[in-house]
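Report on the structure
So you can see what is in the structure, the chains are spelled out below.
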Amino acid sequence: MLEIKNVTKTFNTLKAVDDLSFRVEDGEIVGFVGPNGAGKTTTMKILTGILKPDSGEVNINGFDMQKTPIEAKEIIGYIADSPDMFLRLKGIEFLNIIADIYKVPTDIRRERIETFATRFGLIDALDLPMQNYSHGMRQKMMVAAALVHNPPVWILDEPLIGLDPKSAYNLKGMMREHADAGNCVLFSTHVLEVAEKLCDKIIIINRGKDIFYGTMDELTTMYPDKDFEQIFLEMTGESV
Amino acid sequence: MTTYLALSKAFIKSLQMSKSTDRRTRIILKFIIGLVVLFVFIPVAIFCAMMTYSLVTNLQFFHIQDLGVAMMLHTICLFTLFFGFNVIFSEFYFSSDIEYVRPWPVSAWQLVAAKFSVSYYVDNMMQVFMVVASLVGFFVAMKPGAMSYVASAVAVVTLPILPLTYCGIIAMVVMRFTKSINNKESVQRISALVLAGFILMFVIMFRVFAKNAVDAISFFITETSSPFVEYMNRIFPTIHFISRAITYGSVSDLLIYILINIIAVAFMLFLSEFLYFRGFENLVTNVKNKQRSFEELMKISVQGTQNRAYMKKEILILFRTPSFFTNCILPNFIWPIFALIILKMQTYDVSITALRIYNMNEPKIVGFFLIMGSVVFSLIMTALNSLASNAISREGKHFQFMKYIPIPYDTQWDIKILISCVFSFVGIWMYLLPFCIIIHTNFIYIIVSILLSILSITFVSYMGIYIDSIQPKLIWDDELSVLRENTNVALVMALALGIGIAIAFVGYSFYAFLKVRLLLVSLSLFVVLAILNLFVLWRTSKNAVRRIAEQEET
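Residues numbered from 1 in each chain as written. Chains lettered and ligands numbered in written order. Predicted model: local features only at pLDDT ≥ 70, side-chain atom pairs only at ≥ 80, totals over all residues. Heavy atoms only, no water.

With that settled, the discussion passes to the sheet that holds strand β4 (residues 55-60) of chain A. Sheet strands associate in pairs through backbone hydrogen bonding, adopting either a parallel or an antiparallel arrangement. Strand order in the open sheet made by the four strands is β2-β1-β4-β5 (chain A), with antiparallel pairing throughout. Two strands lie at the open edges of the sheet, namely β2 (14-24) and β5 (63-64) of chain A, each paired on one side alone. (Pairing = 2+ DSSP bridges. Helix = DSSP H or I, 4+ residues; strand = E, 2+ residues; numbered from the N terminus.)

Laid out in structure tokens, this is it:
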């Protein structure tokens, strides 16, 4: 479970997140959608402890991010908005470093590395420096690294960008399996169809404020004659 | 022209550091910049001014004072040429924006012109100080007319153009016709070699002119039919004209100078149409190396501790990033080569046997120099390798990694300090200890030196990371800029140098003039260093972790 309560974050005079509150329950996949600059990445960075909110609380499975940050961070799997991380390291080195940081035992890490490498077609790339990877391969490596410790809470910032169809399909399947096993997933995306098909709930955010939080059914009930794309554009004031 | 201006503006804007919103941090930053100017720029500027003044005054007797100005300007141009290669190669071919800009409908000359402007902007700051200082030295010596001031103003702004144009042309030719440079690392390796050559040349020149630099250079210019200046005039033909324009206020020389610069830049832009874009064809980023099988990789995938993993990450990045390796790691292990060169620069020879005999006769004096030397050298070396003073800045866009992993900030901090301490200590003592043993230094002196050296290293490491945490340079394009354009690194060097000199001066005064016993000097040093350590530890524990928590890369 992850919960964010009355969180506000301001950069200079710009309110990136404005009194935002929502809760992702165990067993749920929640899609985080909004226009560019709406505050999605800032919210995710607050959730993971990268940014400190000006006010409000973040709670991860009962651990307060301000008071018990280490315990909270241990149970998060986070994919950042850019996969260009530690490119001088080889894929296997990166995975092992992350596995050590999250205290993954030898036998379990071997099994997980094999699973991810097979699912994402990374086996031949593991012994190469990541600077030789394509953008998509880097993204796959970031996914593998974020999930190598099998965290109960997944916070994924546009995880499908750059993935080939097979890897995207696999990741979406993994998200579903993870939620069905009683864990929670929060992911941001600009692809509304993905959010529509995959998510149990949707959060629409605009200018730092949540303008909708609920299921797809609730949303379509509010706007019976429109599809998700039209609803989104209307709600965010971006109608063409 | 509009495209060129728009591109230049965009490139320069992207280079600039993010401005801090915190008033207190801004004040600290200004203070840091002030210290860098005070301890680095001003001493270099004073040297340039005095050198020009002396040269011009000496050469005035022969009515060839313009050669004195020319000599200084040639040296500054050489300086720009050597340091410009890395900047030009990086900007022209390896900046992160280049792959986005190349598909744009812009001509090669427009792109090269914009990239050239960025290189000029990056490379110019230190040089402006040197040129202005040299010209001030000239004005004090000569008191020339108004036209000279106009020519000087033109020189201050335009002097780097010709050497950077050479760098630009050479870079485009190399990239177009050879496959020798196919990534940023190759550029940095070659730059390191060029820099080593430049230092060696400087050292040799210093040895040649050791006894009386100004007289020797004056003699060099006047009595050898000026081959050096003549030769240099062929390389930098603009200098002949600008030095005459500055010295004699000659308008025609000034116009010729400007014309040559325009022609040089126009020629480079003309060539760029044929060379620039085709130079990218030789770029290959995928280097195949021998790979291990999946089974072998699984065998090495065993659980280690969090701290070991974090340390491994730090060390791998330091060793695999050429700029970090050549600037932060290598100096710890190659300093004896430079020490040897400096030793060879002396007019008298120093042998091991002579040192051993001297140690037998005067063990206390050798002990004193060992103790003081190890402290001062440890302070300077730890600052010079900048392992601590760029420890946070080095993270760059990976800074957020520090914040979302479940390792406490103070543990990450301690690991970074440990790395600085270990590399500094090993680098210093892996040579100094055998040297002490070879010359039969008293064992007690060695132990005391090692203890004081450790205290010096920990002090500079803590101070370095503390200063870097105030305003880390997290936004950078290439790794070299985090070292070259980071005021934190320069500030820590200046502080360590200042403290080292103060300790050496006070220590020597106490021992040599006030005849204080070596034991007491050592104890005093211990107390001073312990207090300094406690001070930085106190400051660090109070503020540092909070700073990392509050630091945002945006």
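We are not done yet, so read on.
The next subject is empty space enclosed by the protein. What the rule picks out here adds up to one cavity of 30 Å³ or more. Here the largest cavity defines a volume of roughly 120 Å³. For the largest cavity, the lining is made up of 16 residues, of which Tyr78(A), Ile98(A), Ala145(A), Ala146(A) and Tyr404(B) are closest to its centre. Of all the secondary-structure elements, those providing two or more residues to the lining of the largest cavity are β6 (76-79), α3 (91-101) and α5 (135-147) of chain A together with α18 (399-404) of chain B. Here the element with the most residues in the lining of the largest cavity is β6(A); it accounts for four residues. Residue composition of the lining of the largest cavity, by class: 14 nonpolar, two polar and no charged. (1 Å grid on protein atoms, 1.4 Å probe; cavity = no way out; pocket = protein on both sides within 12 Å on 5 of 7 lines; lining within 4 Å. Points joined across faces, edges and corners; volume = space filled by probe spheres on them. Nonpolar A, V, L, I, M, F, W, Y, C, P; charged D, E, K, R; others polar.)

Formed by 161 residues in total, the largest nonpolar core has its most connected members in Leu2(A), Phe22(A), Ile60(A), Phe94(A) and Leu186(A). At 14 residues, the largest contribution of residues to this core is made by helix α20 (residues 443-470) of chain B. Every residue in contact with Leu186(A), bar those within four places of it in the chain, is listed here: Leu2(A), Phe22(A), Val24(A), Val30(A), Phe32(A), Met44(A), Leu47(A), Trp154(A), Ile155(A), Leu156(A) and Ile203(A). Formed by 76 residues, the second largest nonpolar core is a distinct cluster that contains Leu59(B), Leu111(B), Val156(B) and Ile239(B). (Core = buried A, V, L, I, M, F, W, Y, C linked by side-chain atoms within 4.5 Å. Buried < 20%, exposed > 50% of the residue type's maximum accessible area, 1.4 Å probe, protein only. Contact = heavy atoms within 4.5 Å.)

Contact pair α3(A) / helix α14 (residues 306-320) of chain B: the axes reach a minimum separation of 7 Å and the direction vectors enclose 150 degrees. The angle between α3(A) and α14(B) falls in the class roughly antiparallel. Two packed elements cross with a definite hand, and for α3(A) against α14(B) that hand is left-handed. Facing Glu93(A), Ile97(A), Asp100(A) and Ile101(A) of α3(A), the residues of α14(B) in contact are Gln306(B), Ala309(B), Lys312(B), Lys313(B), Leu316(B) and Arg320(B). Within the contact of α3(A) with α14(B), the residues separate by chemical class into four nonpolar, one polar and five charged. (Axes fitted to C-alpha atoms, helices over the stretch in contact; angles between N-to-C directions. Parallel < 35°, antiparallel > 145°, perpendicular 65-115°, else oblique. Left-handed = near helix turned anticlockwise from the far one by under 90°.)

On to the packing of aromatic side chains, then. In the structure shown here, the tally under the stated rule is 26 aromatic pairs over all chains. Between the aromatic rings of Phe86(A) and Phe94(A), the centroid separation amounts to 6.2 Å while the plane-to-plane angle is 50 degrees, which identifies the pairing as tilted. Accessibility expressed as a relative area gives 2% for Phe86(A), which makes it buried. Seen from their ring centres, Tyr276(B) and Phe277(B) are 5.5 Å apart, and the 45 degrees between their planes marks the pair as tilted. Given the relative accessible area of 0%, Tyr276(B) is considered buried. Aromatic ring contacts, followed pair by pair, group Tyr78(A), Phe86(A), Phe94(A), Phe401(B) and Tyr404(B) into a single cluster. Of note, Lys313(B) hangs over the ring of Tyr310(B), and the distance from its end group to the ring centre comes to 4.4 Å. (Phe/Tyr/Trp six-rings, centres within 6.5 Å; stacked < 30°, edge-to-face > 60°. Lys NZ or Arg CZ within 6 Å of the ring centre and 35° of its normal.)

Looking now at the pairing of strand β10 (residues 209-214) of chain A. Residues and elements named next belong to chain A. The pairing of strand β9 (residues 201-206) with β10 spans five bridges and is antiparallel. Across the sheet, Ile203 pairs through a bridge with Tyr213, a residue of β10. Taken together, β9 and the strand that follows it, β10, pair antiparallel across an intervening segment of two residues, in which Arg207 is found at a positive phi of about 50 degrees.

Contacts between the two partners involve 45 residues from chain B, matched on the other side by 44 residues from chain A. When chain B packs against chain A, the two sides together hide about 4200 Å² of surface, and 56% of this comes from carbon and sulfur. With its nearest N and O atoms 2.7 Å apart, the salt bridge here joins Arg320(B) to Glu93(A). Remark: the boundary between chain B and chain A carries 17 residue pairs in polar contact (both at pLDDT 80 or more). At the level of elements, α13 (294-299), α14 and α18 of chain B are the ones that each hand at least two residues to the side of chain B that touches chain A. (Buried area = accessible area lost by both parts, 1.4 Å probe. Salt bridge = Lys/Arg side-chain N within 4 Å of Asp/Glu carboxyl O. Polar contact = N/O pair within 3.5 Å; in protein donor to acceptor, adjacent residues only side chain to side chain.)

Now for the confidence of the model for chain A. Scored by pLDDT, chain A has a mean of 91; 99% of the residues are at 70 or more. For chain A, helix α9 (residues 228-235) of chain A is the element with the lowest average pLDDT, namely 89, and α3(A) is the one with the highest, namely 96. (pLDDT = per-residue confidence, 0-100.)

Residue and element names in this part refer to chain B. The end-to-end C-alpha separation of helix α11 (residues 237-248) is 17 Å, in line with the 16 Å expected for 12 residues at 1.5 Å each. For α11, every residue scored as buried is listed here: Thr238, Ile239, Phe241, Ile242, Ser243, Ala245, Ile246 and Thr247. Immediately downstream of α11, the backbone of Gly249 shows phi near 65 degrees, a positive value. (Expected span 1.5 Å × (residues − 1).)

Looking now at the confidence of the model for chain B. Put simply, chain B has an average pLDDT of 82, and 85% of its residues get 70 or more. For this predicted complex, the interface confidence score (ipTM) comes to 0.91, while the overall pTM stands at 0.71.

This paragraph deals with the sheet that holds β9(A). All names here are of chain A. Ordered by their spatial adjacency, six strands build an open sheet running β6-β7-β8-β3-β9-β10, and the pairing between neighbours is mixed. Unpaired on one side and paired on the other, β6 and β10 mark the two borders of the sheet. Along the sheet, successive strands turn relative to each other by an average axial angle of 15 degrees, direction set aside. As paired elements, strand β3 (residues 29-33) and strand β8 (residues 184-188) share four bridges and run parallel to each other. What sits directly across from Gly31, in β8, is Phe187. Lying over the sheet, helix α6 (residues 165-180) contacts β3, β7 (153-157) and β8, oriented at roughly 150 degrees with respect to β7. Across the face of the sheet, α9 comes into contact with β3, β9 and β10 while running at roughly 35 degrees to β9.

Residues and elements named next belong to chain A. Taken as a whole, this structure holds 24 salt bridges over all chains when the rule is applied. The partner of Asp54 in a salt bridge is Lys9, with the nearest N and O atoms 4.0 Å apart. Residue Asp54 is found in the loop between α1 (40-48) and β4, and its partner Lys9 is found in strand β1 (residues 2-11); the two are separated by 45 residues along the sequence. Under the relative-accessibility criterion, Lys9 is labelled buried at 4%. Between Lys201 and Glu28 there is a salt bridge, and its shortest N-O distance comes to 2.9 Å.

To continue, consider the pairing of β8(A). Residues and elements named next belong to chain A. In terms of residue burial, β8 counts as a mostly covered element, since five of its five residues are buried. Every second residue of β8 is oriented toward a common face, with Cys184, Leu186 and Ser188 on one face and Val185 and Phe187 on the other, all of them buried. Note: β7 against β8, five bridges, orientation parallel. Bridging across to β8, Ile155 finds its partner in Leu186. Running through α6, the crossover from β7 to the neighbouring parallel element β8 is right-handed. (Right-handed = clockwise from strand over helix to strand, strands pointing away.)

Here we come to the packing of α20(B) against helix α23 (residues 518-550) of chain B. All names here are of chain B. Orientation of α20 relative to α23, taken along the N-to-C sense of each, is 25 degrees, at an axis distance of 9 Å. On the basis of the axis angle, α20 is roughly parallel to α23. Crossing angle aside, the handedness with which α20 passes α23 is left-handed. Looking at the contact of α20 with α23, its residues break down into 17 nonpolar, seven polar and two charged.

Here we come to a negative patch on the surface. Side chains of Asp107(A), Glu111(A), Glu114(A), Glu295(B) and Glu296(B) sit close together on the surface and give a patch of like negative charge. At the level of elements, α4 (106-119) of chain A together with α13 of chain B are the ones that each hand at least two residues to the negative patch. Ranked by residue count, the leading element in the negative patch is α4(A), at three residues. Counting through the fold element by element, Glu295(B) comes out in helix α13. (Patch = residues over 30% accessible without salt bridge, like charges linked within 9 Å, V, L, I, M, F, W, Y side chains within 5 Å. Areas by Shrake-Rupley, 256 points an atom, 1.4 Å probe, with all protein chains shown as cover. Lys, Arg positive; Asp, Glu negative; His and termini not counted. Charge placed at Lys NZ, Arg CZ, Asp CG, Glu CD.)

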